[in-house]
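# Commentary on secondary and tertiary structure
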Amino acid sequence: MANQTKEKITVQAEINAPASKVWEYWNEPKHITQWNAAIDTWHCPSAENDLRVGGKLNSRMEAKDGSMGFDFWAIYDVVEPHTHLAYTLGDGRTVDIRLEESNGTTKVTETFEAENENPIEMQRGGWQSILDNFKRYVEGTMVE
């Protein structure tokens, strides 16, 4: 069944920063490499981002000891500055990211189609961990 509906998983974070700052840190490669890892033993040594519909997002995720790594890439379907991104991953799954700002705080909601290799809770935990790293990075770099 090639057209079977994939289960969707949603992760969220409330970030104490305006949507403009969240957008910048989410999309600029110099920032992506600082937060894009699920656990401390992994990192993101490189990232490229052609932020436009049809443009490509590409980041390299690796174990810090060099034992494993993979490229995470996608093609943008929607780019609406400071509010909405959507892209299709290299394996055909889709990701939808919404930013909602209220009183200087931005809620990031990321919904993605599950893959079939790992349990749903493991996938949710991994994506949530990356989003939590993003939150810590953005809030840790805010200068009042």
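### Notes on the packing of helix α1 (residues 19-27) against helix α3 (residues 120-141)
Relative orientation of the contacting elements α1 and α3 amounts to 120°, with a least axis distance of 11 Å. Between α1 and α3, the angle is such that the two are oblique. Judged by the sense of rotation from one axis to the other, the crossing of α1 with α3 is right-handed. Residues Lys21, Val22, Tyr25 and Trp26 of α1 form the contact with α3, whose own contacting residues are Leu131, Phe134, Tyr137, Val138 and Thr141. In terms of residue class, the contact of α1 with α3 is made up of 7 nonpolar, 1 polar and 1 charged.

### Focus on the pairing of strand β2 (residues 42-49)
Bridge analysis of β2 against strand β3 (residues 56-63) gives 6 bridges, and the strand direction is antiparallel. Looking at β3, one finds that alanine 47 is bridged to serine 59. Between the end of β2 and the start of β3, which pair antiparallel, lie 6 residues, with glycine 54 showing a positive phi angle near 90°.

### Some thoughts on the sheet that holds β2
The sheet built from 7 strands is open, its strands ordered β1-β7-β6-β5-β4-β3-β2 with antiparallel pairing. A single partner strand is all that each edge strand has here, and the edge strands are β1 (8-15) and β2. Pairwise comparison of adjacent strand axes, ignoring direction, gives a mean angle of 20° for this sheet. Examined bridge by bridge, β1 and strand β7 (residues 105-113) share 8 bridges and lie antiparallel to one another. Paired with isoleucine 15 across the two strands is threonine 106, which belongs to β7. This element, α3, spans β1, β3, β4 (69-80), β6 (94-102) and β7 of the sheet and lies at about 20° to β1.

### Details of the pairing of strand β5 (residues 84-89)
Judged by how many residues are buried, β5 sits mostly within the fold: 5 of 6 residues are covered. In this structure, β4 lies alongside β5, joined through 6 bridges in antiparallel fashion. Bridged to isoleucine 75 within β5 is threonine 88. Hairpin remark: β4 followed by β5, antiparallel, with 3 residues in the connecting loop; positive phi at histidine 82, about 70°. In the sheet, β5 pairs with β6 via 5 bridges, with the strands oriented antiparallel. Note on β6: the bridge partner recorded for leucine 85 is isoleucine 97. Between β5 and β6, which pair antiparallel one after the other, the connecting turn spans 4 residues, and glycine 92 there sits at a positive phi close to 95°.

Definitions and limits used
Residues numbered from 1 in each chain as written. Predicted model: local features only at pLDDT ≥ 70, side-chain atom pairs only at ≥ 80, totals over all residues. Heavy atoms only, no water. Axes fitted to C-alpha atoms, helices over the stretch in contact; angles between N-to-C directions. Helix = DSSP H or I, 4+ residues; strand = E, 2+ residues; numbered from the N terminus. Parallel < 35°, antiparallel > 145°, perpendicular 65-115°, else oblique. Left-handed = near helix turned anticlockwise from the far one by under 90°. Contact = heavy atoms within 4.5 Å. Nonpolar A, V, L, I, M, F, W, Y, C, P; charged D, E, K, R; others polar. Pairing = 2+ DSSP bridges. Buried < 20%, exposed > 50% of the residue type's maximum accessible area, 1.4 Å probe, protein only.

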